[in-house]
Amino acid sequence: MGNILFYTHTKEDLKRTVKMVLEELRKTELINETSINPEDDRLTQQEAAKFLGISVTSLISWKKKKIVPYYQIGRAIFFSKKELLDLARKNAFIRRSRF
């Protein structure tokens, strides 16, 4: 039983699958190894949307649905890069958006 071979997939299918797995691992490593200087932590809505690889409209929608944390000082809205990375680590749908 230990010598089962799969004949339904080609060698190219296997290579493609291994590449996809390695790419996902690299994305996770990138997220996990990123350190942020406190001065660079604050992002505007436009910067946060670009950082996540989504539109500003999507970011505003996520903010209203309380998917992403944010801070408001007067009328200005800011996002923490560290908090966005932490959120991406915990939520696959965000990693697919950007990382």
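Check the entry above for the structure.
Residues numbered from 1 in each chain as written. Predicted model: local features only at pLDDT ≥ 70, side-chain atom pairs only at ≥ 80, totals over all residues. Heavy atoms only, no water.

Asks: How should the overall build of the protein be read in this particular structure?
Replies: Scanning the protein from N- to C-terminus turns up 5 helices and 3 strands. N-terminal to C-terminal, the α/β element order of the protein is α-β-α-α-β-β-α-α. Out of the 99 residues in the protein, the part that is buried amounts to 23%. For the protein, long-range pairs separated by at least 24 residues make up 56% of all intrachain contacts whose partners lie at least 6 apart in sequence. Of the roughly 7,800 Å² of accessible surface on the protein, a fraction of 56% belongs to carbon and sulfur atoms. (Helix = DSSP H or I, 4+ residues; strand = E, 2+ residues; numbered from the N terminus. Buried < 20%, exposed > 50% of the residue type's maximum accessible area, 1.4 Å probe, protein only. Contact = heavy atoms within 4.5 Å. Areas by Shrake-Rupley, 256 points an atom, 1.4 Å probe, with all protein chains shown as cover.)

Asks: What am I meant to see in the nonpolar core here?
Replies: Among soluble globular proteins, nonpolar side chains are generally buried collectively. Membership of the largest hydrophobic core comes to 14 residues, with the highest contact counts inside it found for Leu52, Leu59, Val68, Phe79 and Leu84. Listed by contribution, the elements that provide at least two residues to this core are α2 (45-52), α3 (56-64), β3 (76-80) and α4 (81-90). With 4 residues, α2 is the single largest residue contributor to this core. (Core = buried A, V, L, I, M, F, W, Y, C linked by side-chain atoms within 4.5 Å.)

Asks: How should the packing of α2 against α3 be read in this particular structure?
Replies: Two packed helices can be described by the angle between their axes and the distance between those axes. The contact between α2 and α3 brings their axes to 9 Å, and the two run at 100 degrees. Between α2 and α3, the angle falls in the class roughly perpendicular. Together, Gln45, Gln46, Ala48, Ala49 and Leu52 of α2 and Val56, Leu59, Ile60, Trp62 and Lys63 of α3 make up the contact between the two elements. Residues that form the contact of α2 with α3 fall into these classes: 7 nonpolar, 2 polar and 1 charged. (Axes fitted to C-alpha atoms, helices over the stretch in contact; angles between N-to-C directions. Parallel < 35°, antiparallel > 145°, perpendicular 65-115°, else oblique. Nonpolar A, V, L, I, M, F, W, Y, C, P; charged D, E, K, R; others polar.)

Asks: Honestly, the side chain of Lys63 in this entry has me stumped. Any pointers?
Replies: Residue placement: Lys63 occurs in helix α3. Although Lys63 is buried, it forms no salt bridge, and the closest oppositely charged side chain is Glu83 at an N-O distance of 13 Å. Excluding anything up to four places from it in sequence, Lys63 contacts Gln45, Val68, Tyr70, Ile77 and Phe79. (Lys, Arg positive; Asp, Glu negative; His and termini not counted. Salt bridge = Lys/Arg side-chain N within 4 Å of Asp/Glu carboxyl O.)

Asks: Before we go on, may I ask you to explain a nonpolar patch on the surface in this structure?
Replies: Together, Leu14, Val18 and Leu22 make up a nonpolar patch on the protein surface, roughly 260 Å² of accessible area in all. Considering the arrangement of structural elements, one finds Leu14 in helix α1 (residues 11-33). (Patch = residues over 30% accessible without salt bridge, like charges linked within 9 Å, V, L, I, M, F, W, Y side chains within 5 Å.)

Asks: In this structure, what is going on with the packing of aromatic side chains? I would like to understand it.
Replies: A ring pair, where both rings are aromatic, is described by two values, the distance of the centres and the angle of the planes. Scanning all chains against the criterion turns up 1 aromatic pair. Relative to Phe79, the ring of Tyr70 lies with its centre 6.3 Å away and its plane at 50 degrees, an arrangement referred to as tilted. With a relative accessible area of 35%, Tyr70 lands in the partly exposed category. The ring of Phe78 has Arg42 sitting right over it, with the charged end atom 4.5 Å from the ring centre. Geometry around Tyr70 places Lys63 over its ring, the cationic atom sitting 5.1 Å from the centre. (Phe/Tyr/Trp six-rings, centres within 6.5 Å; stacked < 30°, edge-to-face > 60°. Lys NZ or Arg CZ within 6 Å of the ring centre and 35° of its normal.)

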